[in-house]
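Structure assessment
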Amino acid sequence: MTDHYIFGYGSLVDEQQLEVYLDQNEIKEEVIQFCRLRKYKRTWNVAMANSENLPGYKYYIDKETGERPDVFVTYLNIKKDDTCSIFGVLFKVNVNVLEQLDLRERNYERVDVTDCVEVPINGKAWAYIGLKEAKQRFEYGLKHDKAVIALDYLNLVEKAFLTHGNDCLEDYRMTTDTPNIPKRDLKRIKIKDGHS
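What comes next concerns the included structure. Predicted model, so just to flag it, every value in this text is computed and none were measured.

Take a positive patch on the surface next. A contiguous patch of positive charge on the surface is contributed by R106, R188, K190 and K192. Along the chain, K192 falls in the segment after β10 (186-190).

Shown next, in the form of structure tokens:
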């Protein structure tokens, strides 16, 4: 049976977030490794349309006004870049968790990056890379001045890298293309069965 690993390059770099996402009280050292992914660079170019209701998903409201803005909330992605490598975490998952992550990462597809992981593993390494339609949503939002980054998400990502030291945070900033788009103070609302 093949072992499966996920390379996390954003919020999942924080072990506390991993514990939440993997539903584990303690992440053991043999499950997670801090390493580099070669030939990739981070970029902010995946978006969701905040005006759409998708069962079991989410939307955002403005923390100050409580209104639901008609924006395209933008997330981290990775793209091929032969001149770059990025820090992240590699963590082992079972098939059930892999299926849960596939459902959770609805703006992304799982791609085999085994050959680009710098540490030896006995199995397959996967990363979630933005779907074409998710990148198109970002481009549409950018073109119409509606693309935004949720401040809480940005802070979560930067805090995740900072937990591994200032050098890791600086490396994240150096290996991430960030578009010149507004940061908004938004609150995430979970949708359950088509209702918030």
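Our next topic: the environment of R42. Examined against the element boundaries, R42 turns out to sit in strand β2 (residues 32-49). Look at R42 and you get buried, because its relative accessible area is 0%. Filtering out sequence-adjacent residues up to four positions away, R42 remains in contact with Y9, L76, N77, I78, I86, F87, F161, D171, Y172, T175, T176 and D177. At 3.3 Å, the side chain of R42 forms a polar contact with the backbone oxygen of Y9. Separated by 3.0 Å, the side chain of R42 and the backbone oxygen of F87 make a polar contact.

This part takes up unusual backbone geometry. Across residues other than glycine, the phi torsion is negative in most instances, and most of the peptide bonds are trans. The phi dihedral of K39 is positive, around 65 degrees, even though this residue is not glycine. When you line up the elements, K39 lands in strand β2. With relative accessibility at 42%, the residue K39 sits in the partly exposed group. Unusually for a residue other than glycine, D145 sits at a positive phi of about 55 degrees. With respect to the helices and strands, the residue D145 is situated in the loop between α3 (132-143) and β7 (147-150).

So, about the packing of aromatic side chains. This structure, assessed with the given rule, holds five aromatic pairs. Ring centres of Y75 and Y153 lie 5.3 Å apart, and the angle between their planes is 80 degrees; on these two criteria the pair is classed as edge-to-face. Residue Y75 is located in strand β4 (residues 72-93), and its partner Y153 is located in helix α4 (residues 151-162); the two are separated by 78 residues in the primary sequence. When its relative accessible area of 6% is taken as the criterion, Y75 is described as buried. Overall, Y153 belongs to the buried group, its relative accessible area being 18%. One aromatic cluster is present, formed by W44, Y75 and Y153 through successive ring pairs. One Lys or Arg, R36, reaches over the ring of F87 and ends 3.9 Å from the middle of that ring.

Conventions used here
- Residues numbered from 1 in each chain as written.
- Predicted model: local features only at pLDDT ≥ 70, side-chain atom pairs only at ≥ 80, totals over all residues.
- Heavy atoms only, no water.
- Patch = residues over 30% accessible without salt bridge, like charges linked within 9 Å, V, L, I, M, F, W, Y side chains within 5 Å.
- Areas by Shrake-Rupley, 256 points an atom, 1.4 Å probe, with all protein chains shown as cover.
- Salt bridge = Lys/Arg side-chain N within 4 Å of Asp/Glu carboxyl O.
- Lys, Arg positive; Asp, Glu negative; His and termini not counted.
- Charge placed at Lys NZ, Arg CZ, Asp CG, Glu CD.
- Helix = DSSP H or I, 4+ residues; strand = E, 2+ residues; numbered from the N terminus.
- Buried < 20%, exposed > 50% of the residue type's maximum accessible area, 1.4 Å probe, protein only.
- Contact = heavy atoms within 4.5 Å.
- Polar contact = N/O pair within 3.5 Å; in protein donor to acceptor, adjacent residues only side chain to side chain.
- Phe/Tyr/Trp six-rings, centres within 6.5 Å; stacked < 30°, edge-to-face > 60°.
- Lys NZ or Arg CZ within 6 Å of the ring centre and 35° of its normal.

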